[in-house]
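Next come the chains, spelled out residue by residue.
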Amino acid sequence: MKLSFGDEVEAFRQEFLAWLAENRPSAEEMAAEPAISSAHVPGWAGRWARRLFDAGWLVPGWPTERGGRNAGPVETLVYLEELTKAGVPRTTNPQGLGIVAPSILDYGSEEQIRDYAMPILRGEKSACLGMSEPGAGSDLASLSTRAVLDGDRIVIDGQKVWTSGANDADFCFLFCRTNPEAPKHKGISVVLVDMATPGITVRPLAEIAKPEHPDLNEVFLSEVVVPRENLVGKLNDGWAMANGSLAHERGMVWLSFVVTLEEDIAAVLAEAPAALERLAPAERAVVADGLVASAIDSAAARCLGYRGFAKLVRGGSAPEQALMKAYTSEAKRRLARRAAELGTDHTVDIGSTAASDPTWIERYFVSFGGTISAGSSEIQRNIIAEKVLGLPR
Ligand SMILES: Cc1cc2nc3c(=O)[nH]c(=O)nc-3n(C[C@H](O)[C@H](O)[C@H](O)COP(=O)(O)OP(=O)(O)OC[C@H]3O[C@@H](n4cnc5c(N)ncnc54)[C@H](O)[C@@H]3O)c2cc1C
């Protein structure tokens, strides 16, 4: 199968590549000041966001005043692919750019757009996403963090967990229960909470790889008072936003997973001949088999992704899209394990403080997060079974 794009799309690609070559942050600049959490915006990242925004390359599909250039979905696909291949992060605050800003643009007031969404787009503020709680992850609607309206203020009490980047974020897009009497999906609202507000305690959770740079956090809220105008959208209308937010997240996930999967398998295959030689013959056959399976995973993910995308662009429904998240995140996990088994890790320094690239075994451990965040693989399989295959619950 040979996939190709039309001349106009290729011209768009060349225009972006030329701009990227002139404007991208250098590898040295990024390495000198790495982003240490998903809401940490080092100096270069803020300047990079601003350059992307000003040139209309931040979110090409959006209007110019919001950092875009009214590009179509195919152009956006090409843009994301080239950016991932170039090894430049579009943002160091993915929840902010990918979920929080679009949700505020969809549901927020003019003031919230001005004070919270636009500063994210310009790289001036970062945000975290406060959904999950100890008793509410997959079943988000069970969340119990309470927000009580009291005149012109809102008082919040509760706890969030797994809040990526809460230790560095300027504000949180916080899901709270505002009507405990209503059915659980109908009593939820979203409030914008500045992380410096008194009553907030952030406790980072050390992770197995790079424990000195935690990204996941517990967030405790005790009588946190925010102005009533920080309520996003209508009171008790948060469930629609939860679905909208996750759709923003899932919509963008598959392409970068596919591109990095392809890059990873290419890197492993380059080292494979020499590494396989070092293995005992019986082991060699098993490991080689696994690498071939990973190469097939990667090609299949690309085909599935394009196939689903093409259907969506033509206005149809695309069951393939429902498969992409679970398939690519699990394929990455399988590949990391196989690469570790191949023995191409030159060091095995779990939890090292060195600013080196992670080893395969570290990547294997980290890969489990990808199969849990934004909807675990089990939940994805439920969705495929019920919504795509029409199986009974
Ligand atoms: C790297 C990472 C980043 C994250 N970032 C954020 C963030 O920024 N903000 C935020 O709010 N949350 C974040 N999360 C949390 C994430 O959304 C939750 O971990 C996820 O929704 C699962 O919830 P849980 O951990 O409570 O597990 P649970 O929902 O308790 O699930 C436990 C296990 O049971 C399975 N399970 C649950 N329900 C079903 C079912 N109906 N059928 C079959 N199996 C089921 C799950 O698949 C899982 O294996 C992050 C998580 C990770 C790993």
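What you see is a predicted model; the values in this text were computed from it and never measured. (Residues numbered from 1 in each chain as written. Predicted model: local features only at pLDDT ≥ 70, side-chain atom pairs only at ≥ 80, totals over all residues. Heavy atoms only, no water.)

Asker: Mind showing me how you'd approach the overall build of the chain here?
Answerer: Helix and strand counts for the chain stand at 11 helices and 8 strands. Since a compact globule built from 393 residues should have a radius of gyration of about 21 Å, the 22 Å found for the chain is in line with a globular shape. Overall, the chain is about 75 × 50 × 45 Å in size when its C-alpha atoms are taken along their principal axes. Residues counted as buried form 45% of the 393 residues belonging to the chain. Within the chain, residue pairs in contact and separated by at least 24 positions form 69% of the contacts whose partners lie at least 6 positions apart. Taken as a whole, the chain presents about 18600 Å² of accessible surface, with 55% of it coming from carbon and sulfur. With 40 positive and 52 negative side-chain charges, the chain shows a separation of 5 Å between the mean positions of the two kinds. (Helix = DSSP H or I, 4+ residues; strand = E, 2+ residues; numbered from the N terminus. Rg over C-alpha atoms; globule rule 2.2 N^0.38 Å. Buried < 20%, exposed > 50% of the residue type's maximum accessible area, 1.4 Å probe, protein only. Contact = heavy atoms within 4.5 Å. Areas by Shrake-Rupley, 256 points an atom, 1.4 Å probe, with all protein chains shown as cover. Lys, Arg positive; Asp, Glu negative; His and termini not counted. Charge placed at Lys NZ, Arg CZ, Asp CG, Glu CD.)

Asker: Would you take a moment to explain the side chain of T328 for this structure?
Answerer: Relative to the elements of secondary structure, T328 occurs in helix α9 (residues 319–342). In this structure T328 comes out as buried when scored by relative accessible area, which is 0%. Sequence-distant contacts of T328, that is, excluding residues within four places in its chain, are made with F257, V258 and A301.

Asker: Can you walk me through the pattern of salt bridges in this structure?
Answerer: Between side chains of opposite charge, a pair can form as their charged atoms come close. Scanning all chains against the criterion turns up 23 salt bridges. With a closest N to O distance of 3.0 Å, K184 and D139 form a salt bridge. Of this pair, K184 sits in the loop between β4 (171–177) and β5 (188–194) while D139 sits in the loop between β1 (127–130) and β2 (146–150), and the two are 45 residues apart along the sequence. Overall, the relative accessible area of 36% leaves K184 in the partly exposed class. D139 gets classed as partly exposed once you look at its relative accessible area, which sits at 37%. The network of salt bridges with common partners includes E10, R13, E82 and K85. (Salt bridge = Lys/Arg side-chain N within 4 Å of Asp/Glu carboxyl O.)

Asker: Help me understand the nonpolar core, please; the structure alone is not making it clear to me.
Answerer: Generally speaking, soluble globular proteins have nonpolar side chains that are buried together. Within the largest apolar cluster, 44 residues are counted, with the highest numbers of intra-cluster contacts made by W48, V100, I104, L121, F171, F173 and F175. Here this core spans two domains, and each of domain 1 (7–92) and domain 2 (127–236) adds at least three residues to it. Apart from residues lying up to four places away in sequence, V100 is in contact with Q95, I120, A127, C128, L129, F171 and F173. If you look at the next biggest cluster of nonpolar residues, it comprises 24 residues, including W254, A272, L279 and A331. (Core = buried A, V, L, I, M, F, W, Y, C linked by side-chain atoms within 4.5 Å. Domains from an automatic or database assignment.)

Asker: I'm lost on the domain arrangement of the chain in this one. Help?
Answerer: For interface size, the figure often reported is the accessible area lost on association. Entries for the chain in the domain assignment read domain 1 (7–92), domain 2 (127–236) and domain 3 (240–388). Taken over C-alpha atoms, the centre of domain 1 sits 30 Å from the centre of domain 2. Each partner contributes to the interface: domain 1 provides 5 residues, whereas domain 2 provides 9 residues. Together domain 1 and domain 2 conceal approximately 500 Å² of surface at their shared face, both sides included; 52% is due to carbon and sulfur atoms. For domain 1, the biggest contributors to the area lost against domain 2 are I36, S38 and A39; these three give 75% of the whole. At the junction of domain 1 with domain 2, the criterion picks out 0 salt bridges. Counting the contacts that link domain 1 with domain 2 gives 2 residue pairs in polar contact (both at pLDDT 80 or more). (Buried area = accessible area lost by both parts, 1.4 Å probe. Polar contact = N/O pair within 3.5 Å; in protein donor to acceptor, adjacent residues only side chain to side chain.)

Asker: Could you clarify how one ought to interpret unusual backbone geometry in this entry?
Answerer: Excluding glycine, residues mostly carry a negative phi; peptide bonds, for their part, are mostly trans. Look at N70: it is not a glycine, yet its phi comes out positive at around 55°. Among the secondary structure elements, N70 is positioned in the loop between α3 (43–55) and α4 (73–86). Overall, the relative accessible area of 55% leaves N70 in the exposed class. A positive phi is found at A374, a non-glycine position, where the angle reads about 55°. Tracing the backbone shows A374 in the loop between α10 (360–370) and α11 (377–388). For A374, a relative accessible area of 15% translates into the label buried.

Asker: Explain the site of the ligand to me, please; I cannot follow it from the model alone.
Answerer: If you check the shell around the ligand, you find 16 residues, and the closest are S132, S138, S164, S376 and E378. M131 places a polar main-chain atom, nitrogen or oxygen, 2.9 Å from an oxygen atom of the ligand. At 2.6 Å from an oxygen atom of the ligand is found a side-chain nitrogen or oxygen belonging to S138. Protein contacts shield 62% of the accessible area of the ligand, which totals 970 Å² for the unbound molecule. In terms of residues, the shell around the ligand owes the most to one element, α11, which gives 3 residues. Partitioning the shell around the ligand into residue classes produces 6 nonpolar, 9 polar and 1 charged. Two domains share the shell around the ligand, each providing at least three of its residues, namely domain 2 (127–236) and domain 3 (240–388). (Near = heavy atom within 4 Å. Nonpolar A, V, L, I, M, F, W, Y, C, P; charged D, E, K, R; others polar.)

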